[in-house]
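Examination of the molecular architecture
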Amino acid sequence: MTKDGVQGVVEEADQAPSKKGLKKQQKEAEKAAKKAEKQAKLSADQQSTDDDDFAKDRYGVPPMVQSQQKLDRGLVRVHELTPEKAGQLIWVRARIHTSRAKGKQCFLVLRQQQFNVQALVAVGERASKQMVKFAANINKESIVDVEAVVKKVEQTIESCSQQDVELHIERIFVVSQAEPRLPLQLEDCVRPEGEGDEDGRATVNKDTRLDNRVIDLRTTTSQAIFRLQSGVCQLFRDTLTNKGFVEIQTPKIISAASEGGANVFTVSYFKTSAYLAQSPQLYKQMCICADFDKVFCVGPVFRAEDSNTHRHLTEFVGLDIELAFNYHYHEVIESITDTMVQIFKGLRDKFQTEIQTVGKQYPSEPFKFLEPTLRLEYSEGVAMLREAGVEMGDEEDLSTPNEKLLGRLVKEKYDTDFYVLDKYPLAVRPFYTMPDPNDKKYSNSYDMFMRGEEILSGAQRIHDAQLLTERAMHHNIDLEKIKSYIDSFRYGAPPHGGGGIGLERVCMLYLGLHNVRQTSMFPRDPKRLTPERPSIAIGHRCRTWGNYILISNTPDRGDMSGTTLKCHCD
């Protein structure tokens, strides 16, 4: 035999499987055969089950809604499910809030915004055991369409908003399936404060909520908060429109800091720099000079304050008012306070459901106010604080603790949560504030408070170009940058005043909540630019991007200066 022949025999011997290998292959073949047999049996059983399932057309996952057809099917809102609808066969679209299988039946809680109702799927003439099993296995937060009969219940269902009825489901279809694992549980999000600590049940902290804001906003409490907030805006607009005000829109990119301070965001504006508006103040005044007489606006306000407190945001919604007056700036105060009172009345009368829903999780005393609104002078407030043991100067601004203390003192003495503090020291007010004609240390300015916290800052504005120039120079403001603003007063300007209200603070304090982030849908603060917390400190200089200053860890398309870039350093 040749050398090559010997080599071939050796290679064939090496490639031939060993006894152990043959045994392993045999086991794998047997395993595969059993698996195939089992699969075939399951398929046969499934086919048999499907053949036996008389309700198979009454449940399931239909094709994705892509506007394929227009169904002539009305959907009833959950809050409309009352005993008057008992016996009616209706369709409802809602989310699966909870599900609990029990024998041949499954209890569901269907949630729609801040309302929910109990539903039952039970084996019977209209539902098979397969249908019950299907309903029990639908993931929480999935959206479903159900056809059901409305039934009165003998015993009140305390855990649902619709306490006197339940739904007996005859059809159920999944419109949108949620993933099986949720980042947080809604039951934990709505647990009353302290309850979880007492019985060991889970609660959800603020950052987890904000990191998963879309889920958190589905809770009954969040739904109630932001529907009430919408009501504040609507009442604000309606009240002022009825008073003859005109709604205006003002620019948010401006050439100079509107408040004259350092707490301003600078942005790249082509070959120069601009600022995000700290207030619509200058443009409101220019509209008064343009004979609009009474104006208001609703829009974003930006403050570059590195304040990580319960009440500060770097972007919030401003409700701003400006109006000309005849003889005294107290006409302005009276107009604003009446507007606030109308808002409080509207919330009290039209939003009791929302107020009660929030109160279940965050109990608080009902908000109290007076008609007419209480007005105190700054010196009176200082005197009350001194009587309570606080040491402060006549021209010293109120600190946050002193604001809260004064609020408690006012509540004890006057039984109101809303009041005005008038005649602030001139030194602590913006450059456009009119000085007090009788005492140059003070000014024709005021703040308004709810539950001891400021919600509005306002004043009579300087409407004389010469005095305005002097005050701007006193605050070291570049006159060239506000030239158009000052010039608007050179051609005749009526005496006027106004104020700016923080929407989120109003909602927080009216409901007695503890953090303004609860009333900001997607809050912005020094540590949060997106629903997730930024992992890079503001001002970080990236080694990869060179001289681009990062303000977030959110990647944007492009790499131009001034854009938000993702850091690759770490």
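For the structure itself, look to the data block above.
Remember, it's a predicted structure, so these values are computed and weren't measured experimentally.

Structural notes on the sheet that holds strand β17 (residues 496-502)
Pairing is mixed in the open sheet, where eight strands are placed in the order β7-β11-β12-β17-β16-β15-β14-β13. Each of the sheet's edge strands pairs with one partner strand only, and the pair in question is β7 (246-247) and β13 (374-377).

Some details on empty space enclosed by the protein
If a probe as big as a water molecule is rolled over the atoms, it shows which places are left empty. Inspection of every chain in the model, using the stated rule, returns one cavity of 30 Å³ or more. Its boundaries defined by the atoms lining it, the largest cavity holds a volume of some 40 Å³. In terms of lining, the largest cavity is formed by Leu210, Arg213, Met521, Phe522, Pro523, Arg524, Arg528, Thr530 and Pro531. Classifying every residue of the lining of the largest cavity by side-chain character gives five nonpolar, one polar and three charged.

Some remarks on the packing of helix α12 (residues 378-387) against helix α13 (residues 400-414)
To describe two helices that pack against each other, one gives the angle between their axes and the distance between the axes. Relative orientation of the contacting elements α12 and α13 amounts to 90°, with a least axis distance of 10 Å. When the interaxial angle is binned, α12 and α13 end up roughly perpendicular. Seen from α12, the contacting residues are Gly381, Met384 and Leu385; seen from α13, they are Asn402, Leu405, Leu406, Leu409, Val410 and Lys413.

Brief notes about the sheet that holds strand β8 (residues 253-254)
Adjacent strands of a sheet pair through backbone hydrogen bonds, lying either parallel or antiparallel. Read from one edge of the open sheet, three strands run β8-β10-β9, paired in antiparallel fashion. The open sheet is flanked by β8 and β9 (266-269), the only strands paired with a single partner. Here β8 runs beside strand β10 (residues 272-276); their pairing, made up of two bridges, is antiparallel. What sits directly across from Ile253, in β10, is Leu276.

What to know about the pattern of salt bridges
With the rule as written, the count across this model stands at 32 salt bridges. Note that Lys345 and Glu371 form a salt bridge whose closest N and O atoms lie 3.0 Å from each other. Residue Lys345 is located in helix α10 (residues 330-350), and its partner Glu371 is located in the loop between α11 (352-361) and β13; the two are separated by 26 residues in the primary sequence. Judged by its relative accessible area of 22%, Lys345 is partly exposed. Among the ionic pairs, Lys483 bridges to Asp487, the shortest N-O distance being 2.8 Å. Placement of both Lys483 and Asp487 in helix α15 (residues 483-487) is noted, with a separation of four residues, approximately one turn of the helix. On the basis of relative accessible area, Lys483 is assigned to the partly exposed category, the value being 41%. Classification of Asp487 as buried rests on a relative accessible area of 15%.

Brief notes about unusual backbone geometry
Along the chain, Glu371 connects to Pro372 via a cis peptide bond; the corresponding omega equals -5°. Tracing the backbone through its elements, the reader meets Pro372 in the loop between α11 and β13. If you check the backbone angles, Asp415 has positive phi at about 55° while not being a glycine. Looking at the element boundaries, Asp415 is found in the loop between α13 and β14 (418-422). We classify Asp415 as partly exposed; its relative accessible area is 39%. A positive phi angle is found at Lys423, which is not glycine, with a value near 65°. Following the sequence through the fold, Lys423 ends up in the loop between β14 and β15 (445-450).

Quick look at the environment of Pro280
Locating Pro280 in the fold gives a position in the loop between β10 and α9 (281-289). On the basis of relative accessible area, Pro280 is assigned to the buried category, the value being 3%. For the pair Pro280 and Leu319, spaced 39 residues apart in sequence, the C-alpha separation works out to 9.8 Å. When near neighbours in sequence (up to four residues on either side) are disregarded, Pro280 contacts Thr250, Lys252, Cys297 and Asp320.

Structural notes on the side chain of Arg311
By secondary structure assignment, the location of Arg311 is in the loop between β11 (294-302) and β12 (315-324). On the basis of relative accessible area, Arg311 is assigned to the buried category, the value being 8%. Of note is the side chain of Arg311, whose polar atom sits 2.9 Å from the side chain of Thr400. A polar contact is formed between the side chain of Arg311 and the side chain of Glu403, at a distance of 2.8 Å. Not counting the four nearest positions on each side in its chain, Arg311 is found in contact with Thr400, Glu403, Glu453, Glu454, Arg505, Met508 and Val516.

About the thresholds
- Residues numbered from 1 in each chain as written.
- Predicted model: local features only at pLDDT ≥ 70, side-chain atom pairs only at ≥ 80, totals over all residues.
- Heavy atoms only, no water.
- Pairing = 2+ DSSP bridges.
- Helix = DSSP H or I, 4+ residues; strand = E, 2+ residues; numbered from the N terminus.
- 1 Å grid on protein atoms, 1.4 Å probe; cavity = no way out; pocket = protein on both sides within 12 Å on 5 of 7 lines; lining within 4 Å.
- Points joined across faces, edges and corners; volume = space filled by probe spheres on them.
- Nonpolar A, V, L, I, M, F, W, Y, C, P; charged D, E, K, R; others polar.
- Axes fitted to C-alpha atoms, helices over the stretch in contact; angles between N-to-C directions.
- Parallel < 35°, antiparallel > 145°, perpendicular 65-115°, else oblique.
- Contact = heavy atoms within 4.5 Å.
- Salt bridge = Lys/Arg side-chain N within 4 Å of Asp/Glu carboxyl O.
- Buried < 20%, exposed > 50% of the residue type's maximum accessible area, 1.4 Å probe, protein only.
- Polar contact = N/O pair within 3.5 Å; in protein donor to acceptor, adjacent residues only side chain to side chain.

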